[in-house]
Amino acid sequence: MRRVLVAVILLVLIFASCKPEVEEVTIEENREVLLAYLVNGEKDELVAYEVEVHTNDLTNQIEHVLDVLSTGVITQKLLPTIPKDLTINQLEISEGNIIVHMPNDIKDMEQIDFLLCRTSLIRSLTSIEAVVSIEFYVDGLPLKDSNGKVYGPFFKSDVIVNMESENEVVKSIHLNLYFPEQKGEFLIKVNREVGIKSNESIEERIIKELMLPPEGHNLMSLIPQETVVKSIYVDQGICYIDFNEAFRTEHIGGSTSEVMSIYAIVNSLTDLPNINKVQFLIEGKKSESFTGHLQFDILFEQSLDLVSKESKIKD
């Protein structure tokens, strides 16, 4: 009996010694995390959402991002930012630059929605390592600003990001802006919805918007294009705005134009709840007169007598 047991043990040892060694192989997963920027439920902020892709193919990565941007993420209450009919077929990809041919109905989007769409595409697609810049075309032509100037390529650095939350903050805000009519008799109230970035001064943005009169309404801007806001701040209800010398020297002049240009700014700024009066400065100093007619070193208050009671425009 002992001989049988010994024989069995020897057989087990022989088979065990003949078992081939198993080499451990580590398979690295081809995984990359991209960021898709979607709009929150209040439509006042773009939020970064992580998108996992398992491919290094640029076309597939772009398709993944576009799919998320066009559908949103219901579970996170994040809304889509681009039309569903924007597909990879409408993109030209060449050496790190992407030309996006926007659908024809993009013109029907509200201004703030188009701003969110454009910003979302720039920030999301440039999260792909191989993508450097984005250009936009509408109806086969490059996208232009309100002055007819082609925007050209947008780079990742052109989109300001809140680094603490990795959110692209673009808040929607309604501004009441006052533009002189062509005849120079009245100011016309224009309600305009704009996107304000997290680090952007609303007061300075108002000045920029006042340099862009709405098209097709016979309104104008009397702020010279060479104008630079050197500083602007609010203290105890007074908005102090410091312009460069060009604000005065490049002005067209004339008593009526002086009044209209000054109160276009004053009425627009004092429409904000935190501003009651405006103090103008030129190169950091008060000046007695603007261009020779209007006293300029006083505190200006809102004057609705100059505003047309009949005409209001939503831009």
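Residues numbered from 1 in each chain as written. Predicted model: local features only at pLDDT ≥ 70, side-chain atom pairs only at ≥ 80, totals over all residues. Heavy atoms only, no water.

## Remarks on the overall build of the protein chain
Along its length, the protein chain carries 6 helices and 14 strands. Within the span of the protein chain, comprising 315 residues, buried residues form 45% of the whole. Sequence-distant contacts, at least 24 apart, represent 59% of the contacts inside the protein chain between residues at least 6 apart. Taken as a whole, the protein chain presents about 18000 Å² of accessible surface, with 50% of it coming from carbon and sulfur. (Helix = DSSP H or I, 4+ residues; strand = E, 2+ residues; numbered from the N terminus. Buried < 20%, exposed > 50% of the residue type's maximum accessible area, 1.4 Å probe, protein only. Contact = heavy atoms within 4.5 Å. Areas by Shrake-Rupley, 256 points an atom, 1.4 Å probe, with all protein chains shown as cover.)

## Some thoughts on the sheet that holds strand β13 (residues 299-301)
Taken in spatial order, the 4 strands make up an open sheet running β10-β11-β12-β13, and their pairing is mixed. A strand with exactly one partner marks an edge of an open sheet, and here the two such strands are β10 (229-235) and β13. In this sheet, adjacent strand axes meet at a mean angle of 25 degrees when their direction is disregarded. Pairing geometry for β10 and strand β11 (residues 238-243), over 6 bridges, is antiparallel. (Pairing = 2+ DSSP bridges. Axes fitted to C-alpha atoms, helices over the stretch in contact; angles between N-to-C directions.)

## With respect to the nonpolar core
Of all hydrophobic cores here, the largest spans 42 residues; its most connected members are F243, F247, I262, I265 and F280. Counting residues per element, the ones that place at least two in this core are β8 (170-180), β9 (187-197), α4 (202-210), β10, β11, α6 (255-270), β12 (277-282) and β14 (307-314). Examining the composition of this core, we find that 7 residues originate from one element, α6, more than from any other. Those residues in contact with F247, other than ones at most four positions away along the chain, are I223, P224, T227, I262, I265, I282, F290 and F296. L91, V131, F136 and F154 belong to the second-largest nonpolar core, a separate cluster that totals 32 residues. (Core = buried A, V, L, I, M, F, W, Y, C linked by side-chain atoms within 4.5 Å.)

## A few points about the environment of S120
By secondary structure assignment, the location of S120 is in helix α3 (residues 111-125). A relative accessible area of 0% places S120 in the buried class. In the structure, S120 is positioned 72 residues away from A48 in sequence and 9.4 Å away in space, judged by C-alpha atoms. Ignoring any residue separated from it by four or fewer positions in sequence, one finds S120 in contact with Y37, L46, L69 and T81.

## Quick word on the packing of aromatic side chains
For any pair of aromatic rings, geometry is given as the distance between the ring centres together with the angle between the planes. For the structure on display, the rule yields 11 aromatic pairs. Geometrically, the ring pair formed by F243 and F280 is stacked, given 6.3 Å between the ring centres and 15 degrees between the ring planes. Placement of the pair is F243 in strand β11 and F280 in strand β12, with a sequence separation of 37 residues. As far as the burial class goes, F243 and F280 line up, both buried. Ring centres 5.8 Å apart and planes at 80 degrees place the aromatic pair Y263 and F300 in the edge-to-face group. Linking Y263 in helix α6 with F300 in strand β13, this pair joins segments that are 37 residues apart in sequence. A relative accessible area of 2% means that F300 is categorised as buried. Clustering of aromatic rings is evident, with ring pairs tying together F243, F247, Y263, F280, F290, F296 and F300. Here the guanidinium or amino end of R118 rests over the ring plane of Y151, the centre of that ring lying 4.9 Å away. (Phe/Tyr/Trp six-rings, centres within 6.5 Å; stacked < 30°, edge-to-face > 60°. Lys NZ or Arg CZ within 6 Å of the ring centre and 35° of its normal.)

## Comments concerning the side chain of S268
By the secondary structure assignment, S268 is in helix α6. Within the structure, the side chain of S268 is placed 2.7 Å from the backbone oxygen of A264, a separation counted as a polar contact. (Polar contact = N/O pair within 3.5 Å; in protein donor to acceptor, adjacent residues only side chain to side chain.)

## Quick word on α6
An α-helical segment advances 3.6 residues per turn. Residues three or four places apart therefore align on the same side. Taking 1.5 Å as the rise per residue, α6 with 16 residues should run 22 Å; its terminal C-alpha atoms sit 22 Å apart, in good agreement. Most of α6 sits out of view: 13 of its 16 residues are buried. (Expected span 1.5 Å × (residues − 1).)

## Things to note about the pattern of salt bridges
Enumeration according to the criterion identifies 4 salt bridges in this entry. Of the charged contacts in the structure, one is a salt bridge between E209 and R205, with a shortest N-O distance of 2.8 Å. With a gap of 4 residues between them, E209 and R205 both fall in helix α4, about one helical turn apart. One exposure class covers both E209 and R205, and it is buried. K230 serves as the salt-bridge partner of E283, at 2.6 Å between the closest nitrogen and oxygen. Highlighted residues: E283 in the loop between β12 and β13 and K230 in strand β10, separated in sequence by 53 residues. Here the salt bridges share partners, and the residues they tie into one network are R192, R205 and E209. (Salt bridge = Lys/Arg side-chain N within 4 Å of Asp/Glu carboxyl O.)

Bear in mind that shape data such as this cannot, by itself, settle questions of function.
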